[in-house]
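The lines below spell out each chain.
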Protein chains: 2
Amino acid sequence: MNMISDKLKENNKELWERYVKHDFVVKMRNGTLNLENFRYYLIQDSKYVKIMLKSLIKASSLGPIEQTSKILTKIFQTRDKGVEVHSFLLDKLGITEKEIEKTGYSLVNYAYTRHLYYYSTIGWAEFLAAWAPCMWGYYEIGKYVIDTSNNIYKKWAEFYASDEYKSRIDIILDSLNSIDYKEELNTIFRDSINFEIMFWESALRNDETKISGIE
Amino acid sequence: MNMISDKLKENNKELWERYVKHDFVVKMRNGTLNLENFRYYLIQDSKYVKIMLKSLIKASSLGPIEQTSKILTKIFQTRDKGVEVHSFLLDKLGITEKEIEKTGYSLVNYAYTRHLYYYSTIGWAEFLAAWAPCMWGYYEIGKYVIDTSNNIYKKWAEFYASDEYKSRIDIILDSLNSIDYKEELNTIFRDSINFEIMFWESALRNDETKISGIE
């Protein structure tokens, strides 16, 4: 309980639960999630991942090389598996790269990706605090959803519940835990949890997408 | 009509009109805008301006020094007047710096400010395209609203309709017009107009504010 990662999660306990046990997640697990909503989510998520990686690389240039090189090694060594699952799902849902590109960002996705990018230019600690809810939360979500009887959602969850994915989280949290707690990091961490919740919500609403963005 | 600024506006004519003649604007002019909505707007706008200035400075480090130094000189030489009008309005509405700070960003304001910041790290041309709709549009809006019989909205409009403010726009558009048109700049410009429209809309709705942000 002295580690910053635990403290951040504990500080935002209720919000965290609303994120990892969101209706969207519960519906994946019990198989009642409408495929249209999942399709919407997957397209937005694909756009998200690109800026996330860009932000990770940008932030890495500001961090201690022992930590950043470990994280980049792990992320890129385990990237094929993620891309493979992702491609499988896109295929299953008939989503092409072209469609992802021409679909605009939802407002929340635009705000969230630029939030990550913003902190990636401010500092390594700030970026980690902004990034952790996404990476860490998805592991818990994967573990929860994996028991679903829906094959598509199961496939999705298997990746995030895997040991390989877990090994990413361990390294990211190690790096986060080398940092001293400060209130600002809590604010950044909390904002990201809020974005994750709004991200699910926009997918459940099939929000009209609006922002083109240039990557 | 060969200038990029005219082309950008012409390309997005209908959207531009929806921005500069938005209900919020029309209501300021005819004096029917609820003060609560203006108050909401003013707080969000105050938060916006801080990141806008930060982004301008950041982008200026990437631009040609003859252009950027001209713009920075003009912006900072005419800044006192803007701050004076702004302080007068904050005072009138009983808004303190403390309240501005502790009020969260609306989702659209967060997305918009990070959009500006994002392009300020990409390039000078990209930043100008993202920034122009705000600066340029407010001049037109000021000219339109200034005939209002409401003293508060008149005071607000007087600043944006002033020759001093106009001189900012001239220099910014000069700089923009030294750049060759490309489709990506149009996308960025259009996204910013969309943000401006959403900004008015969120103020009319008194949107719940959510994102804390760290500046």
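Residues numbered from 1 in each chain as written. Chains lettered and ligands numbered in written order. Predicted model: local features only at pLDDT ≥ 70, side-chain atom pairs only at ≥ 80, totals over all residues. Heavy atoms only, no water.

A.B. asks: What should I look at first to understand the interface of chain B and chain A in this one?
C.D. replies: Size of an interface: often given as the accessible area lost when the parts come together. At the interface, 27 residues of chain B touch 27 residues of chain A. The junction of chain B with chain A conceals about 2,400 Å² of combined surface from both sides, 64% of it contributed by carbon and sulfur atoms. Counting across the interface, chain B meets chain A through 14 residue pairs in polar contact (both at pLDDT 80 or more). Per element, the largest residue contribution to the side of chain B that touches chain A is 11 residues, and it comes from helix H8 (residues 107–122) of chain B. Partitioned by chemical class, the residues of the side of chain B that touches chain A number 14 nonpolar, six polar and seven charged. (Contact = heavy atoms within 4.5 Å. Buried area = accessible area lost by both parts, 1.4 Å probe. Polar contact = N/O pair within 3.5 Å; in protein donor to acceptor, adjacent residues only side chain to side chain. Helix = DSSP H or I, 4+ residues; strand = E, 2+ residues; numbered from the N terminus. Nonpolar A, V, L, I, M, F, W, Y, C, P; charged D, E, K, R; others polar.)

A.B. asks: Could you clarify how one ought to interpret helix H4 (residues 35–60) of chain B in this entry?
C.D. replies: In an α-helix, one turn spans 3.6 residues, which is why side chains three or four residues apart end up on the same side. Residues and elements named next belong to chain B. Relative to the 38 Å expected for 26 residues at 1.5 Å per residue, H4 spans 36 Å between its end C-alpha atoms, a close match to the ideal helical length. With respect to burial, H4 is a largely interior element, 19 of its 26 residues being buried. The opening residue of H4, the one whose side-chain oxygen lies 2.9 Å from the backbone nitrogen of glutamate 36, is asparagine 34. (Expected span 1.5 Å × (residues − 1). Buried < 20%, exposed > 50% of the residue type's maximum accessible area, 1.4 Å probe, protein only.)

A.B. asks: Is there a simple way to explain the environment of His86(A) in this structure?
C.D. replies: Residues and elements named next belong to chain A. Tracing the backbone through its elements, the reader meets histidine 86 in helix H6 (residues 79–92). Put simply, histidine 86 and serine 46 are 40 residues apart on the chain and 8.6 Å apart in space, counted from C-alpha to C-alpha. The contacts of histidine 86, once residues within four sequence positions are left out, are Leu42, Asp45 and Ser46.

A.B. asks: Mind showing me how you'd approach the relation of the copies chain B and chain A here?
C.D. replies: Copies of the same chain, two in number, are related to each other by a rotation about an axis and a translation along it. The operation relating chain B to chain A is a screw motion whose rotation component is 180°, with 0.0 Å of axial translation and a residual RMSD of 0.0 Å. Taken together, the turn and the small shift mark the pair as related by a two-fold rotation axis. Ranked by how close their C-alpha atoms come to the rotation axis, the residues of chain B are headed by Ala111(B), at 2.0 Å. Of all interface residues in chain B, 100% are interface residues in chain A too; the two copies therefore contact each other through one and the same surface. (Least-squares fit on C-alpha atoms with pLDDT ≥ 70 in both.)

A.B. asks: Is there a simple way to explain the packing of helix H8 (residues 107–122) of chain A against helix H9 (residues 124–145) of chain A in this structure?
C.D. replies: The axes of two packed helices give the description: the angle between them and the distance between them. All names here are of chain A. H9 packs onto H8 with a crossing angle of 150° between their chain directions and a minimal axis gap of 7 Å. The angle between H8 and H9 falls in the class roughly antiparallel. Together, Tyr112, His115, Leu116, Tyr119, Ser120 and Ile122 of H8 and Glu126, Phe127, Ala130, Trp131 and Cys134 of H9 make up the contact between the two elements. For the contact of H8 with H9, a count of residues per class yields eight nonpolar, two polar and one charged. (Axes fitted to C-alpha atoms, helices over the stretch in contact; angles between N-to-C directions. Parallel < 35°, antiparallel > 145°, perpendicular 65-115°, else oblique.)

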